[in-house]
Amino acid sequence: MNTNVESHSGYILIVDDNSLNRKLLARALTEQGHRFAMAENGRQALDLLKSEQADGVPLFDVVLLDILMPEMDGYQTLQQIKNDSALAHLPVIMISALDEMESVIRCIEMGATDYLPKPFNPALLNARINASLAGKRLRDLEKAYLQQDVMLRQSEKLASIGRLSAGMAHELNNPVSAALRSSKQLHEAIHNLEQAFLMIAAGKPSADQIEILAEIQRFIKEKVSQVSSMDALARSDLEFSLECWLEERDVENSWKYSSSLASMDFDIQQLSKLCSSFPASQLPALILWSTATYSVNSLILEIAQGNQRVSQIVNALKGYTYMDQAPVQAVNINESLENTLAMIAAKLNAGINLQRDFDQHLPRIQAYGSELNQAWTNILENAIDAMNGHGEIKITTRHESEWVTIRIEDDGPGIPLEIQSKIFDPFFTTKPPGSGTGLGLTISHHIITGKHRGEICVNSQPGSTCFEIKIPENFEDQRVNNR
Amino acid sequence: MSKTEVIDENAMVGLMQSIGGDRDFLDELITTFFDDTPGLFSLMRTALASENHEEFRRAAHSLKSNSANFGAFALSHLSQELEEMGRSRLLDGAAERLVQAEAEYEQVRMALEALRSRR
């Protein structure tokens, strides 16, 4: 019987030890425009399923599987198909006599899609095959979509890593080059200190004189860690008077020392006191010694500060990416926001006035930490771009009955009403080509609603745009899932 | 179905419809049936002697389904009884049933041969 039901052609694997059944099925499938291959038992079927693949994807669309077979029966075959990740999604239609319903039920429970009673009815076979083909096409489409989705998110992740790296390079560059410069200067300062030491030692200082030096040393060390309170004009005056004083006493390179001496708040009075305790010939050695002592101590401090800053940035980066931590962990949203703010500090510093109104008693919530940070980053970068880097951003956190609410508000020009409904759509961007991926807010939306079962909405008018995000304390909780 | 009706006509009409009235293909199916069935009987006899219940059941199962395709319901019912004996691992009386089934197959074979030469 030739059926006129519209059908798409499929590639069907017939698995039956009975040659009459194989002939009948093959005939019916050919009539319906399908292609087929045949196997006489489960082992042959699995061999075919594994060999007839392209890029790890089986070429077959549907398996017609008999239950009672020698070598390997239908149950074992079905089990192996379902246990093989490359084959598991293949629709399997069981072939069975009407008195085998129990076996069919067992197979359906094991993952078979459907069954076909014997003797075969071609119309029924056609309907079953087409339903399975449609189901498989849907699953294939879904799989392709999911793969595309993963790739898109991966590419957005790379883009945001790129932006982060640029920001990081900028942030790290300052403290690192400061520390590098200081360590080079330290070399010279230590050389000077050694010279001064030898010169002072050559004068065989008395115990009293050594005591005076120790006192000056304490004074200098104290000054190193203090910020000078002197204004520029007073300092310039002091430098000038020191330079004159040194020149009068024939100290070479007096201009070089006067600045250093002024930095440590050394005045003429202290200088005179120092000189009166030592022979005049020792003056250059004393000046060299005190300025070198100051340099060595302040350079060491600068290096320490530079490294401290690098260490802070690295910690923020670790916090931001949740390096070496489980994907889902107990996250404090305030910390998560702070880590994100630290990462985009370079962009914020330019001209954004940041206001924090954090609920200090937020509970830790179950969350994918690094993904949440990506969501914040995308929303904040979007806001900064919209504001052209100038204006105010206010971040509020609140705890409201098993939910944490985060509000990110900016006073930028706002999102025009006609595009407010599109901002979470993939590839929707108002930025010029090449500057945005059009995925930033889509990804934030996916991370918040898809991964954390939360909510995100935007309320925007000129001068005020507010993203409100609500995340449940525990997104794995059934009550949240059943909402 | 009357006892004398070796091949059920309605079933045969159904089979013809399902293969699009293709007489050549019907002949091919009948030939396949003739080729396979003696093998199934000998398989059942060997399995009975060696008490291989699984193999006995499987051969009976094939004969049941094959004969049903041609509307040979008496043979199909006998095969079903044999299959059940194999499934329940109780082969008492299976030898007699086997003899009955072979005799019934002879009837079926003659009826199908007549059908094949009637064109």
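Going by the structure above, here's the rest.
So, how was this worked out
Residues numbered from 1 in each chain as written. Chains lettered and ligands numbered in written order. Predicted model: local features only at pLDDT ≥ 70, side-chain atom pairs only at ≥ 80, totals over all residues. Heavy atoms only, no water. Pairing = 2+ DSSP bridges. Helix = DSSP H or I, 4+ residues; strand = E, 2+ residues; numbered from the N terminus. Axes fitted to C-alpha atoms, helices over the stretch in contact; angles between N-to-C directions. Contact = heavy atoms within 4.5 Å.

Caption draft 1: Layout of the sheet that holds strand β9 (residues 352–357) of chain A. Residue and element names in this part refer to chain A. Here we have 5 strands laid out as an open sheet, ordered β9-β11-β12-β14-β13, and mixed in their pairing. Only two strands of the sheet have a single partner each, and these edge strands are β9 and β13 (455–461). Sheet twist, expressed as the mean angle between neighbouring strand axes with direction ignored, is 15°. Bridging between strand β12 (residues 403–410) and strand β14 (residues 464–472) involves 8 bridges; their strand directions are antiparallel. Looking across to β14, one finds that D410 is bridged to T465. With respect to the sheet, helix α11 (residues 333–343) is in contact with β9, β11 (391–400) and β12, its orientation differing from that of β11 by roughly 160°.

Caption draft 2: View of unusual backbone geometry. All names here are of chain A. A cis geometry characterises the amide bond from K118 onward to P119, with omega recorded as -5°. Not every positive phi belongs to a glycine, and D55 is a case in point at roughly 55°. Topologically, D55 is positioned in the loop between β3 (53–54) and β4 (57–58). Positive phi values are uncommon outside glycine, yet D250 reaches one of about 55°. Mapped onto the elements, D250 comes out in the loop between α7 (232–248) and α8 (254–263).

Caption draft 3: Representation of the sheet that holds strand β7 (residues 114–118) of chain A. All names here are of chain A. Strands sit in the order β2-β1-β5-β6-β7 across an open sheet of 5 strands; the sheet is parallel. The open sheet has two edge strands with one neighbour each: β2 (35–39) and β7. Shown here is a sheet whose adjacent strand axes are inclined to one another by a mean of 25°, direction ignored. On the sheet, helix α1 (residues 19–31) packs against β1 (11–15), β2, β5 (62–66), β6 (92–97) and β7 and is oriented at approximately 170° with respect to β2.

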